[in-house]
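One-letter residues, chain by chain:
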Amino acid sequence: MIYEETYQYLLRNVSSTEFDTCLYALLHSDWDGVIQSPLHMMARESERQKST
């Protein structure tokens, strides 16, 4: 779950690409906060979001 103040900070202070990357990382993190996705997959997803 994203806390409200974190969500508001992201909306106000980061680019849409950075925001998408943060959401992707949150969705693919394990309980220890380790991102379970290769870096190239995150980059590909970020590019896909930018083109839509």
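The rules behind each value
Residues numbered from 1 in each chain as written. Predicted model: local features only at pLDDT ≥ 70, side-chain atom pairs only at ≥ 80, totals over all residues. Heavy atoms only, no water. Helix = DSSP H or I, 4+ residues; strand = E, 2+ residues; numbered from the N terminus. Buried < 20%, exposed > 50% of the residue type's maximum accessible area, 1.4 Å probe, protein only. Areas by Shrake-Rupley, 256 points an atom, 1.4 Å probe, with all protein chains shown as cover. Expected span 1.5 Å × (residues − 1). Contact = heavy atoms within 4.5 Å. pLDDT = per-residue confidence, 0-100.

As a further point, take the overall build of the protein. If you tally the helices and strands in the protein, you get three helices and zero strands. Ordered by position from N to C terminus, the α and β elements of the protein give α-α-α. Going through the 52 residues of the protein one by one, you find that 13% of them count as buried. For the protein, the computed accessible surface area is about 4500 Å², with 57% contributed by carbon and sulfur atoms.

Once that is clear, we can look at helix H2 (residues 16-27). Because an α-helix packs 3.6 residues into every turn, residues spaced three or four apart end up facing the same way. Helix length check: H2 (twelve residues) gives 16 Å between terminal C-alpha atoms against 16 Å at 1.5 Å per residue, within 8%. Listed in full, the buried residues belonging to H2 are Phe19, Tyr24 and Ala25.

With that settled, consider the side chain of Ser37. With respect to the helices and strands, the residue Ser37 is situated in the loop between H2 and helix H3 (39-51). Filtering out sequence-adjacent residues up to four positions away, Ser37 remains in contact with Tyr24, His28 and Met42.

This next bit is on the confidence of the model for the protein. When pLDDT is averaged along the protein, the result is 82, and 88% of the positions lie at 70 or above. Per-element confidence in the protein ranges from a low mean pLDDT of 74 for H3 to a high of 88 for helix H1 (residues 4-13).

Here we take up the environment of Leu27. Following the sequence through the fold, Leu27 ends up in helix H2. Remark: the alpha-carbon pair of Leu27 and Ser37, spanning ten residues in sequence, is separated by 9.8 Å.

The next point concerns the environment of Ala43. Relative to the elements of secondary structure, Ala43 occurs in helix H3. With 26 residues separating them in the primary sequence, Ala43 and Thr17 have C-alpha atoms 9.9 Å apart.

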